[in-house]
Each structure stands twice: as structure tokens, then as C-alpha cells.
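# Structural characterization, general
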Amino acid sequence: MRMSQLLLPTEREAPADAQALSHILGVRAGLIRQLGAGLWTWMPAGWRVHQKIEQIIREEMDSIGGQELLMPLIQPRELWKKTGRDQIDEIFSLSDRKGTELVLAMTHEEAVTFHVSQLVRSYRDLPLILYHFQLKGRDEPRPRAGVLRTREFIMKDSYSFDRDEAGLDERYALHIEAYDRIFERSGLEWYRVESDVGVMGGSGAHEYMAPCPAGENEVALAPGYAANVEVASAEPTTAVLPDRLDAPVEQATPGAKTIEQVAALLELDPSALLKSFAVVTDAGETVLAIVRGDHRVNEFKLRAALGQNFRPATDEEITDQIGPAGFIGPVGVEITVLLDDAVAGTEGGWVTGANSADAHLRGVEPGRDFEFTAADIRSVEAGDVVGGNPIRLEAAIEVGNIFKLGTRYSEPLGATFLDEDGAERPIVMGSYGIGPARIAAAAIEQNADEKGIAWPKAIAPWSVELVALGKVGSAEVAAAETLYGELRELGLEVLFDDRDAGPGEKFADAEMLGCPLRITLGKRSLESGVLEVQGRRGLVELDPIPLGPDSAELIRATLAQLP
RNA sequence: CGGGGCGUGGCGCAGCCUGGUAGCGCACCUGCUUUGGGAGCAGGGGGUCGGAGGUUCGAAUCCUCUCGCCCCGACCA
């Protein structure tokens with residue numbers, strides 16, 4: 001590609017509203033442009049990156065027997081009513097001129113299951129893996145960070161269809177293999193972590209996480225362990241508890257409502273306190289969830305423990321049913337108490353709210369002083385231990401997920417088959433997503449420096465940027481033209497900077513765009529007989545390449561050494 | 001949905017408080033010079049100041065409403 005003909009809108013300054021590195025550099029390097037909130041155009045260079053990522057995904061999906069098709073973005077709302085997902089807040093709704101209600105698909109479970117329900121009749125038709133690359137529409141409450149969270153984005157989503165759970169396990173394992181290879185080939189640093197299966201149920205789920213500062217998720221990592229903090233479990237650090245007492249003793253704590261205030265007032269470590277969090281379940285029951293003072297309630301785990309969704313209780317409800325807000329605790333209350341495992345297994349004199357104003361209780365013991373059900377309902381903290389090793393927490397972008405759906409969609413949509421015995425059974429499904437745009441964003445975040453992007457070779461918009469210095473029509477530019485032709489002959493993807501511009505501008509643009517290898521050919525090259533070679537990653541000067549008939553071949557060999 | 005911020009040429013910004021000819025840098029166009037780290041000189045083009053209404057002799061500036069965008073939080077099947 002000749003740069004003189006390329007629409008590559010680079011910018012010297014960052015857009016004023018950009019925060020995330022991938023957002024700033026994506027715009028500055030001319031890869032993406034914004035059309036509206038969460039609506040992004042991929043400019044030619046950026047689209048090349050996207051397509052390269054798609055191609056890697058396509059090859060790996062095909063290698064596990066996936067079949068590519070394409071399903072519509074616009075879908076009848078009726079279909080979504082059948083699975084109940086038409087009630088989701090994030091769904092984009094529209095209607096046509098006849099008044100037919102339509103939605104923009106957020107994912108394609110409904111569509112693919114609809115087709116499979118019509119087309120698959122027998123166990124002989126299974127298993128099946130179908131996938132496509134298609135836009136998703138999501139009315140996100142808060143789009144952010146460039147292409148990281150948008151209202152419209154392309155996803156590779158695949159769906160597996162099996163006769164039973166064992167078949168699903170096989171298809172799931174195949175996807176793990178394919179996904180591992182996809183992220184490895186993309187050149188990302190990544191983790192496969194255990195993830196929340198959500199209210200919808202499902203028998204298993206993993207997420208692929210790419211650590212980077214702009215990430216919206218947190219992963220808990222230890223040698224041999226990786227999980228989303230939403231579901232991570234670990235052994236807690238030891239609580240610093242005062243001695244046991246024979247019975248709880250009331251202690252005046254005027255005005256001290258927070259853990260910090262109470263701990264400071266009583267000169268105790270926050271871990272000696274019990275934090276009481278009142279919630280109301282969808283069924284209308286008020287439940288007191290209790291964790292250690294230095295721990296935080298994990299809403300995903302709490303939801304799992306309750307078996308249903310919940311909301312925090314209002315101050316009125318707390319005052320009404322438990323005690324004055326800020327001074328509540330489990331002793332003497334009539335409601336269900338869910339006690340975190342980190343507390344349930346210990347002995348000592350805990351401190352908790354006395355359910356009367358300006359007072360706490362010391363020397364409280366679970367079991368002796370209040371009844372409870374134990375559950376793991378806290379979020380892990382850095383320093384907690386898994387398998388003898390302390391965990392650390394890292395911000396990450398979710399770049400892919402795999403999910404065992406079971407019969408969540410096949411049952412409401414009537415996707416069944418006849419087994420060998422002639423019995424009709426629901427198809428067992430899995431769904432598997434990857435966001436190519438997020439892979440691109442993660443690659444930018446993980447490999448950027450002060451000069452710009454440093455793409456992994458596999459997804460760089462071009463492998464080589466050939467920078468010609470000198471006036472248009474000069475001998476050096478003529479030599480660069482020749483070399484450009486030779487590189488293309490070899491099948492290399494070359495961006496040829498043939499613009500009538502100064503060297504500073506060309507070098508700066510090359511380093512911003514971040515092709516793995518930069519070849520410079522100027523007057524100096526003609527005099528010395530060698531090309532200058534720079535590896536973008538780390539901005540390293542590589543061995544010069546003699547200018548001559550073998551230049552292109554040597555450049556290809558040099559490129560092969562790069563990451 | 002709660003909190004905060006911002007809308008002035010393609011990008012980044014000043015002007016607004018205290019109403020009076022819309023400005024700066026970069027980018028762009030023409031010519032000449034220049035070509036190894038974002039060039040120099042000269043000339044030039046481009047903006048209903050997000051939109052609507054109001055106050056006023058006069059509004060980018062003051063008032064009201066509204067739309068859009070960003071950030072933090074909530075949310076994220």
C-alpha cells in the first residue's frame with residue numbers, strides 16, 4: 001500500500017475526551033474514528049487489523065469443525081419473547097413501516113437455535129458447531145474507552161449443539177483448544193479464568209482475559225490459579241481478634257457508623273469486626289449478609305448463595321426490621337443470617353452492631369450468640385492464599401468467553417431431536433464469543449510505548465513499513481520504488497511511505513502506527529549501500545541489510561525473527 | 001439512573017466573568033526554498049460559536065429549555 005494514497009488520519013494530539021491508551025492511540029494512529037457515543041468507524045488501517053484477527057479466529061474455528069454462516073442483525077421481537085430476553089434493558093428496539101416489532105440482536109442464540117430447531121431432527125445430525133462474525137447491538141448504559149465498550153460491535157460467536165452433556169463437554173473442550181490458540185497466535189498476554197455463570201444458570205463458564213490498565217474486569221492470579229474476582233475463592237488472611245468473652249458486652253460507640261470509625265474508636269483491627277449488609281431478595285425476604293470488617297461482599301457470590309437476585313435494603317427497611325442503620329448486627333434478629341466462610345470457621349470475640357443506636361457488641365461468637373448459614377460470599381483480596389501461594393489482582397479486558405448453555409435456549413425454542421430410542425430430547429448447547437475489537441485494543445494497551453503502538457506481527461496492519469526519504473523523483477526514492485516492488489513480489493505486506501514529507505513526520509507516523517519492521521531508504525543508503533532496519537518493539541536498531549537484489553529476501557528473513 | 005465536566009473551522013484550544021467587527025497553534029490550498037526526526041518565507045480558503053426560545057439597539061458572551069459528548073459510580077444474560 002502506498003501511503004500517499006492511504007486514508008490514514010493520524011493526529012499529533014490526543015483527542016481531548018480520551019482516557020484509555022487504546023482509545024488515544026487508536027485515534028492518533030488513524031485506526032478508528034468516532035461517529036457517536038459507542039459508535040466507531042474502523043478506518044482502513046484499523047480494519048486491516050480487525051480482519052487479520054478475524055482470519056486467525058476463522059482458521060481456528062474451522063480447525064475444530066466449525067461451519068461459518070451469517071445470521072441477521074435485525075430480528076423479530078417475537079423470537080426474543082420466546083426466551084424472555086426481549087425484556088433486557090440493553091436491547092435496541094425498532095419497528096418497521098408495517099409496525100412489526102423488531103430488535104437488534106445482542107447475540108444470536110435465538111436465531112441460531114430457531115434454525116437448528118427446524119433443521120435438526122435426528123441424533124444423526126449432531127454434533128454441530130456453527131459460527132459467524134456479525135454485528136451486535138447493545139444499548140449500553142455507558143459506552144466507554146474507544147472500542148472497548150461500544151453499542152455496536154462485531155463478535156465472533158459460535159454455538160455448539162449436542163445430544164447430551166458429555167457431547168457438550170467435548171465441544172467445550174474443543175473451543176478451549178481453539179481459543180487458546182487464537183489468543184496465543186494474536187500475540188496477547190492472556191489468561192483463561194473461571195467466570196460467573198449468571199442468573200441464567202449454565203453448568204460452566206470461562207472467560208479469556210487480557211491484562212491491561214484500561215480493563216474493566218479484575219482477575220485473581222496465583223501460580224496455577226486464575227479466576228475472575230466475581231467468582232474467585234481463596235483462604236483469607238488471619239483476622240486479628242480480641243480474646244473470647246463469655247457473653248457479648250455492649251459498648252458505647254457514639255456516632256461511629258463505619259468499620260473504620262468503629263475500629264479506630266475501639267483500637268481494633270478492622271478484621272475483628274463483622275460487617276452486616278442487609279439485602280432484600282426477589283422473593284421479598286430480608287437477609288443479613290455478614291463478612292469480616294476488612295472484606296467486601298461479593299454480589300455475584302451472594303446471588304449464587306441466595307439462589308436469586310437481590311437488592312440492598314433501604315434505610316427504612318433496615319430500621320424497621322433490624323435496627324438503626326450503621327449499628328446493625330446479627331445478634332437477636334429474627335431474619336436469615338448468611339455468614340461468610342472466613343468468619344464461620346473461627347473463634348474469638350467479634351465486634352458487631354448492637355442493633356441500638358450508638359452501640360456495638362464485643363465478644364460476639366457465631367453459633368453461640370446467633371444462628372447462621374455459612375457461605376462463601378466475599379470478594380478475595382490481594383494476599384489471600386490459593387494452593388499455598390498469595391494471589392494478586394490484575395485489571396483485564398474480557399476478550400472472549402465460553403459458556404455451557406445446556407437447554408436454556410433449546411427448550412423454549414423447541415430445538416429437539418430424536419435419539420436412538422426414538423425419544424424426543426432437547427439439544428444441549430454451548431455458546432462461545434470473541435470480540436476482535438477488544439483483541440486489537442488489548443494488543444495496543446499491552447504493547448504501546450511513548451512513541452505509539454508496537455503491534456504483534458500476527459495482527460499488525462502491515463508487516464513492513466518502507467520509509468523512502470528524499471525528494472520525489474530522486475535516486476533514493478527510485479531505489480525505494482524498486483524495493484517496494486520486490487517486497488510485494490515476495491508476498492510481504494508492505495506500507496510504502498512515498499509521501500512528499502519530511503523525515504521527522506515519516507518516522508513519527510511509522511512509530512505511531514507500529515508495524516513490526518521499519519526499513520529506511522534515503523540518500524545515505526545509496527552512499528553506504530545498506531538499508532537501515534528498525535524493529536518497532538523496543539525501537540531496536542537491527543543489522544543493516546545490503547541494498548541489492550537480495551534485499552527483499554533478507555528483509556523477509558529479518559521479519560521472521562520478530563515477535 | 002446518580003454525581004461531575006465539556007460543546008467555538010478537520011484536531012487541540014483562547015475569547016464568555018465585565019454583551020459591541022470571531023481569534024491562536026497544528027492541519028489544508030498556491031508559489032518558491034527545504035528533505036535523516038513532526039521544515040522556512042509569502043499569499044490564501046474554511047466556523048449558522050451544538051440547537052431552540054428569550055432579554056437587549058446589539059448575544060459565542062446574560063436567562064430558560066433542549067440535544068450531544070466525556071469522566072466517576074450504578075449497570076453489563
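Look up a bit, the structure's there.
Because the structure is a prediction, the values reported are computed rather than measured.

What follows deals with the overall build of chain A. Looking only at helices and strands, chain A features 14 helices and 31 strands. Considered along the principal axes of its C-alpha atoms, chain A spans approximately 95 × 65 × 50 Å. Out of the 563 residues belonging to chain A, those deemed buried represent 52%. Across chain A, contacts joining residues at least 24 apart in sequence account for 70% of those joining residues at least 6 apart. Total accessible area on chain A is roughly 24,700 Å²; 49% of this is exposed by carbon and sulfur atoms. Between the centroid of the 55 positive side chains of chain A and the centroid of its 90 negative side chains there is a distance of 6 Å.

Moving on to the nonpolar core. Counting residues in hydrophobic clusters, the biggest one holds 59 residues, and the most contacted among them are L31, Y179, F183, Y208, V399, W455 and L513. Beyond its immediate chain neighbours, meaning those up to four positions away, F183 contacts L188, W190, Y208, V399, G400, I434 and I439.

The next subject is the protein's contact with RNA strand B. Around RNA strand B sit 41 residues, and of these R12, R142, R149, E511 and E532 come closest. Close to the protein, within 4 Å, the atoms of RNA strand B belong to sugar or phosphate groups at a rate of 51%. In the environment of RNA strand B, a sugar or linking oxygen lies 2.5 Å from a nitrogen or oxygen atom belonging to the side chain of R12. A distance of 3.4 Å separates a base oxygen of RNA strand B from a polar backbone atom of A501.

Quick look at the packing of helix α2 (residues 44–63) against helix α5 (residues 165–185) now. Between α2 and α5, the least distance of the axes is 9 Å, while the angle of their chain directions is 155°. With respect to their mutual orientation, α2 and α5 come out roughly antiparallel. Handedness of the crossing formed by α2 with α5: right-handed. Facing α2, whose interface residues are I56, I57, E59, E60, M61 and S63, α5 presents H175, A178, Y179, R181, I182 and R185. Within the contact of α2 with α5, the residues separate by chemical class into six nonpolar, two polar and four charged.

We now examine the sheet that holds strand β18 (residues 350–353). Strands pair in a sheet through their backbones, by hydrogen bonds, and they do so in one of two ways: parallel or antiparallel. Pairing in this open sheet of three strands is antiparallel, and the strands run β13-β19-β18 from one edge to the other. With one partner strand each, in any of the chains shown, β13 (249–252) and β18 form the two edges of the open sheet. On average, adjacent strands in this sheet sit at an angle of 30° to one another, irrespective of strand direction. Bridge count between β18 and strand β19 (residues 359–364): three bridges; the pairing is antiparallel. Bridging across to β19, G353 finds its partner in H360.

With that settled, consider the layout of surface pockets. In this structure, the second largest pocket encloses a volume near 310 Å³. What lines the second largest pocket is a set of 19 residues, among which K257, S276, G326, F327 and I328 lie closest to the centre. If you list the elements that add at least two residues to the lining of the second largest pocket, you get α6 (259–266), β14 (274–281) and β18. Element by element, the count of residues in the lining of the second largest pocket is highest for β14, at five residues. For the lining of the second largest pocket, a count of residues per class yields 11 nonpolar, six polar and two charged.

Attention now goes to the packing of aromatic side chains. Taken as a whole and assessed by the stated rule, the structure comprises nine aromatic pairs. Ring geometry for Y179 versus F183: centroids 6.1 Å apart, planes at 75°, classification edge-to-face. Here Y179 pairs with F183, and both are found in helix α5, just four residues apart, close to one helical turn. There is no split in this pair, since Y179 and F183 are both buried. Joined through ring pairs, the aromatic side chains of Y179, F183, W190 and Y208 make up one cluster. Over the ring of Y172 we find K404, and its NZ or CZ is 4.8 Å from the ring centre. The aromatic ring of Y409 is capped on one face by R408, whose charged end is 4.7 Å from the ring centroid.

The rules behind each value
Residues numbered from 1 in each chain as written. Chains lettered and ligands numbered in written order. Predicted model: local features only at pLDDT ≥ 70, side-chain atom pairs only at ≥ 80, totals over all residues. Heavy atoms only, no water. Helix = DSSP H or I, 4+ residues; strand = E, 2+ residues; numbered from the N terminus. Buried < 20%, exposed > 50% of the residue type's maximum accessible area, 1.4 Å probe, protein only. Contact = heavy atoms within 4.5 Å. Areas by Shrake-Rupley, 256 points an atom, 1.4 Å probe, with all protein chains shown as cover. Lys, Arg positive; Asp, Glu negative; His and termini not counted. Charge placed at Lys NZ, Arg CZ, Asp CG, Glu CD. Core = buried A, V, L, I, M, F, W, Y, C linked by side-chain atoms within 4.5 Å. Near = heavy atom within 4 Å. Polar contact = N/O pair within 3.5 Å; in protein donor to acceptor, adjacent residues only side chain to side chain. Axes fitted to C-alpha atoms, helices over the stretch in contact; angles between N-to-C directions. Parallel < 35°, antiparallel > 145°, perpendicular 65-115°, else oblique. Left-handed = near helix turned anticlockwise from the far one by under 90°. Nonpolar A, V, L, I, M, F, W, Y, C, P; charged D, E, K, R; others polar. Pairing = 2+ DSSP bridges. 1 Å grid on protein atoms, 1.4 Å probe; cavity = no way out; pocket = protein on both sides within 12 Å on 5 of 7 lines; lining within 4 Å. Points joined across faces, edges and corners; volume = space filled by probe spheres on them. Phe/Tyr/Trp six-rings, centres within 6.5 Å; stacked < 30°, edge-to-face > 60°. Lys NZ or Arg CZ within 6 Å of the ring centre and 35° of its normal.

Distances and angles like these do not, on their own, reveal function.
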